[in-house]
Amino acid sequence: MGGPIPVAVVGVGKIARDQHLPAIAANPDFLLAAAVSRHGKVEGVPNFTDFESFLRDGPLAAVSLCTPPDVRVEMSLAAIEAGRDLMIEKPPSATLGEIETIISAAKAKGVTLFATWHSRFAPGVEPARAWMASREITSVDIVWREDVRRWHPGQAWIWQPGGFGVFDPGINALSILTHILPGPIHVQSADLEVPSNAFTPIAARLTMQARGQVPLSADFDWRQEGPQTWSIFVQAGEERLELHMGGAELVIDGRRVDVGPEQEYPTIYRRFAELVSARKSDTDISPLRIVADACLKGRQVQTDAFHD
Ligand code: NAP
């Protein structure tokens, strides 16, 4: 590779500041070349308030798209049309149709497209996948309960159509599930609790089935105060594997396994550099398909209004 890859961060909000900017700064394979945001600014680089003028007048740089999912399709297609390599935050788009169009466009243009799932890079996930690959899995249960006020303060978009509601964190668990348990997963039922002043669920309970009729369940809730729960429980007959803290902790048969430090976003950027260098793409949409199916099969009930 001839020097670091220039990259522009688009959508300077919580995740861009918390993770993307530090990961880029720490990775010699990248050079932050610009920021694009209507309100957010990054010091030391050219800032653009709209994406079109960045593509037209800005530096020739890859794009790291950190905007909410509902505005990604237009931006992704514009970036691809301009020949930019592209990395997108999860969920990759608001609908399956949109991401399919993005994938086709990237293929036709020959640019690298990386639809990221940061939770797949949690340090317990690969060891869990290896453990599961050599066993007959008999059940998987996800419990993903967090406090929306703590993790999404003031973010109105999460309650709008295309904002995913509790599936915004829930899809992280589903990205781990689809990675550690490859193969088709079918949603059997979905109970969705939607606040009376919102369009997206604040809680969702799913039952699913994997190949071989393995029962799976997911309990997503955004109303958990105090300690937060991001856990996956896997049963293989009498043996049991547990992932906690979003995949940062691994417990097998009651014993904690040392999996090393959390490195999700540094690993994402290492992977993006590899993909750009190999002129390849990485675009798995299976977690989004489960969310879409849950919405298709979902039984919605109205619950108390939510106030931030
Ligand atoms: P956020 O704080 O709202 O930041 C997103 C930024 O995108 C906004 O600050 C906004 O900046 C820009 N934007 C462009 N068009 C927008 C629109 N129509 N509505 C709202 N914002 C718009 O959100 P975030 O938490 O960073 O989440 C962004 C993505 O990262 C989501 O897909 C989320 O799932 C993912 N993610 C978030 C976290 C987390 O902990 N929050 C963790 C992992 C992944 P301007 O107003 O300056 O344009």
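These numbers were taken from a predicted model, which means no experiment stands behind them. (Residues numbered from 1 in each chain as written. Predicted model: local features only at pLDDT ≥ 70, side-chain atom pairs only at ≥ 80, totals over all residues. Heavy atoms only, no water.)

K.L.:
What am I meant to see in helix H7 (residues 167–180) here?
P.N.:
Residues separated by three or four positions in an α-helix point in the same direction, a consequence of the helix having 3.6 residues per turn. Over its 14 residues, H7 extends 19 Å from the first C-alpha to the last, a length consistent with the 20 Å expected when each residue adds 1.5 Å. A large share of H7 lies buried, amounting to 14 of its 14 residues. (Helix = DSSP H or I, 4+ residues; strand = E, 2+ residues; numbered from the N terminus. Expected span 1.5 Å × (residues − 1). Buried < 20%, exposed > 50% of the residue type's maximum accessible area, 1.4 Å probe, protein only.)

K.L.:
Is there a simple way to think about the site of the ligand in this case?
P.N.:
In the vicinity of the ligand there are 24 residues, among which Ser37, His39, Arg72, Lys90 and Asp168 approach most closely. The contact in question runs from an oxygen atom of the ligand to an N or O atom on the side chain of glutamine 155, over 2.9 Å. For the ligand, whose accessible area on its own is 860 Å², the fraction buried by protein is 83%. Here the ligand is seated within the largest pocket. (Near = heavy atom within 4 Å. Polar contact = N/O pair within 3.5 Å; in protein donor to acceptor, adjacent residues only side chain to side chain. Areas by Shrake-Rupley, 256 points an atom, 1.4 Å probe, with all protein chains shown as cover. 1 Å grid on protein atoms, 1.4 Å probe; cavity = no way out; pocket = protein on both sides within 12 Å on 5 of 7 lines; lining within 4 Å. Sits in = over half its atoms within 2 Å of the grid points.)

K.L.:
Sorry, what's going on with the packing of helix H3 (residues 72–81) against helix H4 (residues 96–109) here?
P.N.:
Packed helices, taken two at a time, are described by the angle their axes make and the gap between the axes. Contact geometry for H3 and H4: axes closest at 9 Å, N-to-C directions at 5 degrees. Classed by the angle they form, the pair H3 and H4 counts as roughly parallel. Counted together, Val73, Ser76, Leu77, Ile80 and Glu81 of H3 and Glu98, Thr101, Ile102, Ala105, Ala106 and Lys109 of H4 form the full contact between these two elements. Partitioned by chemical class, the residues of the contact of H3 with H4 number 6 nonpolar, 2 polar and 3 charged. (Axes fitted to C-alpha atoms, helices over the stretch in contact; angles between N-to-C directions. Parallel < 35°, antiparallel > 145°, perpendicular 65-115°, else oblique. Contact = heavy atoms within 4.5 Å. Nonpolar A, V, L, I, M, F, W, Y, C, P; charged D, E, K, R; others polar.)

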